[in-house]
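Fold and contact review
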Amino acid sequence: MKVTFYGVRGSIAAPGRDTVKYGGNTSCLLVEPDDEVVLIFDAGTGIRELGKLLESDSRDIYLLFSHHHWDHIQGLPFFKPIYQQGRTIYLLSNYMDKGSETTVLDQMIDPHFPITGAELLANIEVLPFDERGAVKIGSARVSSIPLNHPGGGSAYHVERANSTLAYITDNELSPPGEVKTSYAEWVEFVRGVDLLIHDAMYLDKELPQIHGWGHSLISQALQLGLDAEVKHMVLFHHDPSRTDLQLDQILADSREWMAQHTENTEVFLAAEGDSYQLTRSKSQIRSK
Ligand SMILES: [Zn+2]
Ligand SMILES: [Zn+2]
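Tallying secondary structure elements over the protein gives five helices and 15 strands in all. Relative to its length of 288 residues, the protein is compact, with a C-alpha radius of gyration of 18 Å against a globular reference of 19 Å. C-alpha atoms of the protein, sized along the principal axes, occupy 55 × 40 × 40 Å. Counting all 288 residues of the protein, 47% fall into the buried class. A separation of at least 24 residues holds for 66% of the contacts in the protein among residues at least 6 apart in sequence.

Turning next to helix α2 (residues 183-190). Where α2 is concerned, the buried positions are Trp-186, Phe-189 and Val-190. With its buried residues spanning 80 degrees around the axis, α2 presents them on a single face. The outward face of α2, more than 90 degrees from its buried face, is lined by the exposed residues Ala-184 and Glu-188. The secondary structure elements touched by the buried residues of α2 are β8 (140-146), β9 (154-160), β10 (163-168), β11 (195-199) and α4 (218-227). Gly-192, located one to two residues past α2, shows a positive phi value of around 70 degrees.

Now for unusual backbone geometry. Put simply, Asp-110 and Pro-111 share a cis peptide bond, and its omega is 10 degrees. For Glu-229, which is not glycine, the phi torsion reads 50 degrees and is therefore positive. Within the secondary structure layout, Glu-229 lies in the loop between α4 and β12 (232-236). One non-glycine residue with positive phi stands out, namely His-237, at about 65 degrees. Mapped onto the fold, His-237 is located in the loop between β12 and α5 (244-261).

This paragraph deals with the environment of Asp-199. Inspection of the secondary structure assignment puts Asp-199 in strand β11. Using a count of 30 C-beta atoms within 10 Å as the deciding quantity, one classes Asp-199 as buried. Remark: the alpha-carbon pair of Asp-199 and Glu-119, spanning 80 residues in sequence, is separated by 34 Å. Residues contacting Asp-199, with those up to four places away along its chain left out, are Ile-168, Thr-169, Asp-170, Asn-171, His-215, Ser-216, Ala-221, Phe-236 and His-237.

A general trend in soluble globular proteins is that nonpolar side chains are found buried together. In terms of nonpolar packing, the biggest core is built from 73 residues, with Ile-40, Leu-63, Leu-165, Ala-166, Ile-197 and Leu-235 touching the most fellow members. When sequence neighbours within four positions are dropped, the list of residues in contact with Ala-166 reads Ala-155, Tyr-156, His-157, Phe-189, Val-190, Val-193, Leu-196 and Ile-197.

All right, on to the environment of Gln-107 then. With respect to the helices and strands, Gln-107 occurs in the loop between β5 (88-92) and β6 (123-126). Looking at Gln-107, the number of C-beta atoms within 10 Å reads 16, which means it is partly exposed. Separated by 30 residues in the primary sequence, Gln-107 and Pro-77 place their C-alpha atoms 8.3 Å from one another. Residues within four places of Gln-107 in sequence aside, it is in contact with Ile-73, Pro-77, His-112 and Phe-113.

Summarising burial for β9: five of the seven residues are buried, a large majority. In this structure, β8 lies alongside β9, joined through six bridges in antiparallel fashion. Counted as the bridge partner of Pro-146 is Ser-154 from β9. Of the pairings in the sheet, the one linking β9 to β10 comprises five bridges and is antiparallel in character. Among the inter-strand pairings, Arg-160 is bridged to a residue of β10, identified as Ser-163. Between β9 and β10, which pair antiparallel one after the other, the connecting turn spans two residues.

What counts as what
Residues numbered from 1 in each chain as written. Chains lettered and ligands numbered in written order. Predicted model: local features only at pLDDT ≥ 70, side-chain atom pairs only at ≥ 80, totals over all residues. Helix = DSSP H or I, 4+ residues; strand = E, 2+ residues; numbered from the N terminus. Rg over C-alpha atoms; globule rule 2.2 N^0.38 Å. Buried ≥ 20, exposed ≤ 12 C-beta atoms within 10 Å, placed from the backbone. Contact = placed C-beta atoms within 7 Å. Arc of directions from axis to C-beta. Core = buried A, V, L, I, M, F, W, Y, C linked by C-beta atoms within 7 Å. Pairing = 2+ DSSP bridges.

Structure (structure tokens):
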């Protein structure tokens, strides 16, 4: 199973000289469990670049949404496969009520966009989850549980014969209000995964301003990775104001903290263009 990041920012795209290294596009990642299917998690602005690659590729596309906040859907009108005749694209968003999954296309409407969702040439279908919140896609089994985030959302766990990953963004591990999924449930959901990708938007000192916004502290994400004994973790959904230099420091501090607690969990920071090959038999190979 291979994972490639196309957008790693939270809230809004943040291009510019200070964000070149980690990238300025909002949430989007490509997961290829095998050679047959393409899974895309979230359609932030990063999906535009991915769409160019998939134009000449005939695999079916499964587009899974964590939720429908702007930074997770805004790139969809610029995703070239939606304009390809005969292309099949499945929409999946387990947290939404049945029949509401296509509301992601409602952003394409006058006066906000010149082409409407009804005019797309691709064959766009909704793929439902079963009553346990799971679905089989190609050789992968995808399961989901609710996020702790304003308006709701879904976290995903992807399992193949030889590898597992979890994608959990826009999630507050310790929210002040309603708890949809408890910390103990998160630990169980991600226990031992080969790769955990988790929201790590804020620093401890920022908590008083952001408590209840539906995002986690970097320290909380690291603690989850440690408690769940994940093999590798990628800190994700960087605050748009965070510069490359600040993120370099966050990575160094995070690795130091983890090394003080365990040798078994390796920490990375999400960066556009980075790929991770997941195999249980040996460590992931990271390639640009
Ligand atoms: Zn977000
Ligand atoms: Zn959100």
